[in-house]
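An overview of the molecular structure
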Amino acid sequence: MKGPLGFGNDDLLQETLQWQRKLVEGLKLLPGVEDVNYGVTERQEVWSDGKVKLYRFVSEHPGNGQPPLLIVYALVNRPYMVDLQDGRSLVQKLLALGQDVYVLDWGYPDRSERYLTLEDYLLRYIDGAVDHLRAQHDDQPINLLGICQGGVFSLCYSALRPHKVRSLITMVTPVDFQTPDNMLSHWARQVDVDLFVDTLGNIPADLMNASYLMLKPFRLNVQKYVGLMDILDDKQALEDFLRMEKWIFDSPDLAGEAFREFVKQFYQGNGLMHGSIRIGEEAVDLQAVRMPVLNIYAEQDHLVPPAASRAMAGRVGSSDYTELGFRGGHIGIYVSGRAQREVPSAIHQWLSRNR
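Just so you know, these numbers come straight off a predicted model, no measurement behind them. (Residues numbered from 1 in each chain as written. Predicted model: local features only at pLDDT ≥ 70, side-chain atom pairs only at ≥ 80, totals over all residues. Heavy atoms only, no water.)

1. Concerning the overall build of the chain
In terms of regular secondary structure, the chain is built from 14 helices and 12 strands. A burial count over the chain gives 53% of its 355 residues as buried. Here the analysis covers contacts within the chain between residues at least 6 apart in sequence; of these, 79% occur between residues at least 24 apart. (Helix = DSSP H or I, 4+ residues; strand = E, 2+ residues; numbered from the N terminus. Buried < 20%, exposed > 50% of the residue type's maximum accessible area, 1.4 Å probe, protein only. Contact = heavy atoms within 4.5 Å.)

2. Observations regarding the layout of surface pockets
Of the voids in this model, the second largest pocket is the one considered here, and its volume is about 190 Å³. Lining the second largest pocket we find Val40, Thr41, Glu42, Val58, Ser59, Glu60, His61, Gln92 and Leu95. Of the residues belonging to the lining of the second largest pocket, the class tally is 3 nonpolar, 4 polar and 2 charged. (1 Å grid on protein atoms, 1.4 Å probe; cavity = no way out; pocket = protein on both sides within 12 Å on 5 of 7 lines; lining within 4 Å. Points joined across faces, edges and corners; volume = space filled by probe spheres on them. Nonpolar A, V, L, I, M, F, W, Y, C, P; charged D, E, K, R; others polar.)

3. Examining the packing of aromatic side chains
Enumeration over the complete set of coordinates arrives at 12 aromatic pairs. Ring plane angle 25° and centroid distance 6.4 Å describe the contact between tyrosine 121 and phenylalanine 153, whose orientation is recorded as stacked. With tyrosine 121 in helix α3 (residues 118–136) and phenylalanine 153 in helix α4 (residues 149–160), the pair connects residues that are 32 residues apart, well separated along the chain. A network of ring pairs unites the aromatic residues Trp106, Tyr121, Tyr125, Phe153, Phe177, Phe262, Phe266 and Tyr267 as a single cluster. A cation over an aromatic ring shows up here: arginine 43 above the ring of tyrosine 55, its NZ or CZ 3.7 Å from the ring centre. (Phe/Tyr/Trp six-rings, centres within 6.5 Å; stacked < 30°, edge-to-face > 60°. Lys NZ or Arg CZ within 6 Å of the ring centre and 35° of its normal.)

4. Details of the side chain of threonine 170
In this fold, threonine 170 is placed in strand β8 (residues 165–171). Ignoring sequence-local partners within four residues, the contact set of threonine 170 consists of Gly146, Gly151, Leu294, Asn295, Ile296 and Met312.

5. Thoughts on the nonpolar core
If you look at soluble globular proteins, the nonpolar side chains tend to sit buried side by side. Residues Leu70, Leu104, Trp106, Tyr121, Met171, Leu272 and Ile347 are the most contacted members of the largest nonpolar core, which totals 97 residues. Once residues within four sequence positions are removed from consideration, leucine 272 is found in contact with Val152, Leu155, Cys156, Pro174, Val175, Phe177, Phe266, Ile277, Leu286 and Arg315. (Core = buried A, V, L, I, M, F, W, Y, C linked by side-chain atoms within 4.5 Å.)

6. Looking at the pairing of strand β1 (residues 43–49)
Every regular strand shows the same layout, with side chains that alternate between the two sheet faces. As paired elements, β1 and strand β2 (residues 52–57) share 6 bridges and run antiparallel to each other. Within β2, the residue paired with serine 48 across the bridge is lysine 53. As consecutive antiparallel partners, β1 and β2 are separated by 2 residues, and within that stretch glycine 50 has a phi angle of approximately 65°, a positive value. (Pairing = 2+ DSSP bridges.)

7. Re the sheet that holds strand β6 (residues 101–105)
Across the sheet, 8 strands lie side by side as β1-β2-β6-β3-β7-β8-β11-β12; this open sheet has mixed pairing. Strand pairing shows two members of the sheet lacking a second neighbour, β1 and β12 (321–326), which therefore form its edges. In this sheet, adjacent strand axes meet at a mean angle of 20° when their direction is disregarded. Here strand β3 (residues 69–72) runs beside strand β7 (residues 142–147); their pairing, made up of 4 bridges, is parallel. Across the sheet, the residue bridging to valine 72 is glycine 146, located in β7. Lying on the sheet, α3 is in contact with β1, β2, β3, β6 and β7; it crosses β1 at an angle near 125°. This element, helix α14 (residues 337–353), spans β3, β7, β8, β11 (293–298) and β12 of the sheet and lies at about 160° to β8. (Axes fitted to C-alpha atoms, helices over the stretch in contact; angles between N-to-C directions.)

8. Topic: the pattern of salt bridges
This model, assessed by the stated rule, comprises 18 salt bridges. Among the salt bridges present, the one from glutamate 113 reaches lysine 51, with a minimum N-O distance of 3.0 Å. Linking glutamate 113 in the loop between β6 and α3 with lysine 51 in the loop between β1 and β2, this pair joins segments that are 62 residues apart in sequence. Note on glutamate 113: relative accessible area 13%, which makes it buried. One salt bridge connects glutamate 282 with arginine 161, and the closest N-O pair in it is separated by 3.0 Å. Of this pair, glutamate 282 sits in strand β10 (residues 282–283) while arginine 161 sits in the loop between α4 and β8, and the two are 121 residues apart along the sequence. (Salt bridge = Lys/Arg side-chain N within 4 Å of Asp/Glu carboxyl O.)

9. Focus on the pairing of β2
With 4 bridges joining them, β2 and β6 adopt antiparallel strand pairing. Of the residues in β6, the one forming a bridge with tyrosine 55 is valine 103.

10. Here we look at the packing of α3 against α4
Look at α3 against α4: their axes get within 11 Å of each other, and the N-to-C directions meet at 75°. One finds that α3 runs roughly perpendicular with respect to α4. Together, Leu118, Tyr121, Leu122, Leu123, Ile126, Asp127 and Val130 of α3 and Phe153, Cys156, Tyr157 and Leu160 of α4 make up the contact between the two elements. A per-class count over the contact of α3 with α4 returns 10 nonpolar, no polar and 1 charged. (Parallel < 35°, antiparallel > 145°, perpendicular 65-115°, else oblique.)

11. Observations regarding the side chain of arginine 114
Tracing the backbone shows arginine 114 in the loop between β6 and α3. Polar contacts involving the side chain of arginine 114 include one to the side chain of glutamate 257, which spans 2.9 Å. Those residues in contact with arginine 114, other than ones at most four positions away along the chain, are Val197, Asp198, Gly201, Asn202, Ala255, Gly256, Glu257 and Arg260. (Polar contact = N/O pair within 3.5 Å; in protein donor to acceptor, adjacent residues only side chain to side chain.)

12. Focus: helix α10 (residues 256–268)
Along an α-helix, residues three or four apart share an orientation, since each turn contains 3.6 residues. A large share of α10 lies buried, amounting to 10 of its 13 residues. Regarding α10, the residues found buried are Gly256, Glu257, Ala258, Phe259, Arg260, Phe262, Val263, Gln265, Phe266 and Tyr267.

13. Some remarks on α4
For α4, with 12 residues, the first-to-last C-alpha span of 17 Å sits near the 16 Å given by 1.5 Å per residue. Counting buried positions along α4 gives 12 out of 12 residues, so the element sits mostly inside the fold. All of the buried residues along α4 are Gln149, Gly150, Gly151, Val152, Phe153, Ser154, Leu155, Cys156, Tyr157, Ser158, Ala159 and Leu160. (Expected span 1.5 Å × (residues − 1).)

As structure tokens, this is what we get:
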């Protein structure tokens, strides 16, 4: 007999027995699960400046003759999300399509990087990597792919050094930092960032991770670990789960001065919308971004709401501006099955059209 909630004693018994079985199988399986690895693609260091390194991914596929594609990731997480594992790798798919792919690795800042500024990140590190690539390719402009905060950096860099960028691709990149549905923005705008940085110096990674987790506290702190019971008897699914957890909590500290500048100029000042961003002594004018632009956003993104990203339209100076909405979230746009089918091919086709 079913109760008012649609289940009865037999249903509860079966559910209990199923969980018990999974728990027993999980206890047998867990000792055999080794430390999970990440990064499916071989890569070679080709340039460095301090802790920042530029890697080229080694491809077994013939190149398509296009300029190199440089991936710029956010400072807050490690860039191996774009090459997480076999079958879930944006890099792997792009290489198979003939792209020549590079990635900037920011490393792990320590107290010696406390006073690094946005000028250092954009006009020293990104510019240095771009100049290295151009020197290897007859001084021709390169293709730039910026992700999340790395997309903001890439957009600003393209405005400051437009002659060095042939095509710009941004993924889950905010432009309007004050859309009503942006909870992270509401938090950042209330922070006394001067007191924050003057007190802490570099911003601890654990503090940033806790802030992101609290944006969806039930989903990210409770539900996913309850759901872990469903896969305890599946070694592959368990390893995938652990690999993602390793990425989430393998976060660098953030250089204090760069963090201060970013929060003040982008979150609190909404500078891309008001034309007030300055990198060092140089003003960022989005109308200087005249190269082709592909802006990819995630329709269920809780960190960068679609409206925050779509605000780019009409603000860049390019007459060749394309938007692509992806059905998924902020992380799913790299690793979900749908993303693996749709996103790399869309990037490749767009780059081929603009070659």
